[in-house]
Amino acid sequence: MSSSNLSHCVTTQVDVPASLAFAFLADPIRLGQWALGCMRTEATDEPGVYTGFSLFDGSQAWLAIDAHADLGLIDYKVGPKGALMHRISARVIAGPNAGLSAAQCLVMLLAWRPAGMEDARWHRLCASHEAEILLIREQITRLSEAAG
């Protein structure tokens, strides 16, 4: 984990190929199984925009996903309906690029703090990502085992 008042990054090793981890993180419906601020995601009437609900306070959240498979990069745009902003990214590093086998990868979540975000909200986001990276690892591993 790496954190400051401006950004927060968590990383885990997952014993699956990078392509499987990438597909999992780029799936907006699966996001609703691990993103504590946007559970139970579902599509909206607007193409590419999804909604879910915060596990903390039940508030509704919106998101869009911009996935770049060639870079192993997933950008998440989040915020109020009609005003989504790119604030969170996931990165998948193929195992051989990290000295691991091709059947392994690294998964990272990176968030940055917008000006004006209250300390309590930033702390909650950082704590959430620390839990979410564990959920991601376990869910991807379970998905791989079920397929395998």
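As the structure is a computational prediction, the values presented were derived from the model and not from experiment.

What counts as what
Residues numbered from 1 in each chain as written. Predicted model: local features only at pLDDT ≥ 70, side-chain atom pairs only at ≥ 80, totals over all residues. Heavy atoms only, no water. Salt bridge = Lys/Arg side-chain N within 4 Å of Asp/Glu carboxyl O. Buried < 20%, exposed > 50% of the residue type's maximum accessible area, 1.4 Å probe, protein only. pLDDT = per-residue confidence, 0-100. Helix = DSSP H or I, 4+ residues; strand = E, 2+ residues; numbered from the N terminus. Core = buried A, V, L, I, M, F, W, Y, C linked by side-chain atoms within 4.5 Å. Contact = heavy atoms within 4.5 Å. Axes fitted to C-alpha atoms, helices over the stretch in contact; angles between N-to-C directions. Left-handed = near helix turned anticlockwise from the far one by under 90°. Nonpolar A, V, L, I, M, F, W, Y, C, P; charged D, E, K, R; others polar.

## Remarks on the pattern of salt bridges
A complete count under the given rule lists three salt bridges for this structure. The residue Asp27 makes a salt bridge to Arg30 at a minimum N-O spacing of 3.9 Å. Using a relative accessible area of 24% as the deciding quantity, one classes Asp27 as partly exposed. Notably, a salt bridge pairs Arg137 with Glu138, separated by 3.4 Å at the nearest N-O pair.

## Some remarks on the confidence of the model for the protein
Mean pLDDT over the protein: 94, with 98% of residues reaching 70 or higher. Mean pLDDT across the secondary structure elements of the protein bottoms out at strand β1 (residues 2-3), with 60, and peaks at helix α1 (residues 18-26), with 98.

## A look at the nonpolar core
Ranked by internal contacts, the top residues of the largest apolar core, which has 31 residues, are Leu25, Trp34, Tyr76, Val92, Cys105, Val107 and Ile136. Those residues in contact with Leu25 that sit more than four places away from it in its chain are Trp34, Ile65, Ile74, Tyr76, Ala90, Val92, Val107 and Ile136.

## A look at the packing of α1 against helix α3 (residues 119-147)
Where α1 meets α3, the axes come as close as 10 Å, and the angle between the chain directions of the two elements is 115°. Handedness of the crossing formed by α1 with α3: right-handed. In contact with Leu20, Ala21, Phe24 and Leu25 of α1, α3 contributes Ile136, Gln139, Ile140, Leu143 and Ser144. Among the residues forming the contact of α1 with α3, the class breakdown is seven nonpolar, two polar and no charged.

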